[in-house]
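What the coordinates show
Here is what each chain is made of, one letter per residue.
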Amino acid sequence: MTGSIPIAVEFTGGLELLFSNQRKHQVALPASDAEGTPSTVGYLVKWLCENLIKDPRKEMFVLDDSVRPGILVLINDADWELEGEEKYELRANDEIVFVSTLHGG
């Protein structure tokens, strides 16, 4: 598989602060990783950390190479747990939303 996949990514609940204070991003993700495996949400998370996050506090977004507990992930408005979580294979024009439920007091 070659080329790229256009993906809409959105960060809410304070996560946008880690991404240049911008909530919505249009990204062109490689259609497959270095091994030729189709790109997944897990690959997207790694790609976001390597290419889009500007804040040095990446641990507020990821923990042990996965989305941190307390962050809801929606794939086309459905909970990612219903879609296979990190294993979901991305398709053109998917909308991935990351919502932080962690708030200070």
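Structural data are supplied above this passage.
Conventions and cut-offs
- Residues numbered from 1 in each chain as written.
- Predicted model: local features only at pLDDT ≥ 70, side-chain atom pairs only at ≥ 80, totals over all residues.
- Heavy atoms only, no water.
- Salt bridge = Lys/Arg side-chain N within 4 Å of Asp/Glu carboxyl O.
- Helix = DSSP H or I, 4+ residues; strand = E, 2+ residues; numbered from the N terminus.
- Buried < 20%, exposed > 50% of the residue type's maximum accessible area, 1.4 Å probe, protein only.
- Pairing = 2+ DSSP bridges.
- Phe/Tyr/Trp six-rings, centres within 6.5 Å; stacked < 30°, edge-to-face > 60°.
- Core = buried A, V, L, I, M, F, W, Y, C linked by side-chain atoms within 4.5 Å.
- Contact = heavy atoms within 4.5 Å.

1. A short note on the pattern of salt bridges
- Inspection of every chain in the model, using the stated rule, returns two salt bridges.
- Measuring nitrogen to oxygen at the nearest pair gives 2.9 Å for the salt bridge that ties Glu10 to Arg23. Of this pair, Glu10 sits in strand S1 (residues 4-12) while Arg23 sits in the loop between S1 and strand S2 (24-30), and the two are 13 residues apart along the sequence.
- Residue Glu10 is classed as buried on the basis of its relative accessible area, which comes to 17%.

2. Here we look at the pairing of strand S5 (residues 71-75)
- Residues Ile71, Val73 and Ile75 point to one face of S5 and are all buried, whereas Leu72 and Leu74, pointing to the other face, are not buried.
- Judged from the five bridges that link them, S5 and strand S7 (residues 95-100) form a sheet pairing that is antiparallel. Along S7, the bridge assignment pairs Leu72 with Val99.
- Across two bridges, S5 lies against strand S6 (residues 78-79) in antiparallel orientation.

3. Some remarks on the packing of aromatic side chains
- For the coordinates displayed, the defined rule picks out five aromatic pairs.
- A connected cluster of aromatic rings, assembled from ring pairs, spans Phe11, Phe19, Phe61 and Phe98.

4. Topic: unusual backbone geometry
- Even without a glycine there, the phi angle at Asn21 is positive, about 55 degrees.
- Structurally, Asn21 can be placed in the loop between S1 and S2.
- In this structure, Asp77 is a non-glycine residue whose phi angle is positive, near 70 degrees.
- Its place among the elements puts Asp77 in the loop between S5 and S6.

5. Digging into the nonpolar core
- In this structure, Phe11, Leu48, Phe61, Leu90, Ile96 and Phe98 are the most contacted members of the largest nonpolar core, which totals 29 residues.
- Elements with a minimum of two residues in this core: S1, S2, helix H1 (41-51), S5 and S7.
- Top contributing element to this core by residue count: H1, with six residues.
- With near-sequence residues (within four places) excluded, Phe11 lies in contact with Glu16, Phe19, Gln22, Arg23, His25, Leu48, Leu52, Phe61 and Phe98.

6. Quick word on the pairing of S7
- Relative to S7, S1 runs parallel, the two being bridged by five bridges. Bridged to Glu10 within S7 is Val97.

7. Things to note about the environment of Lys58
- With respect to the helices and strands, Lys58 occurs in the loop between H1 and strand S3 (62-63).
- Note on Lys58: relative accessible area 36%, which makes it partly exposed.
- Separated by 10 residues in the primary sequence, Lys58 and Arg68 place their C-alpha atoms 9.9 Å from one another.
- Look past the residues within four positions of Lys58 in its chain and what remains in contact with it is Cys49 and Ile53.

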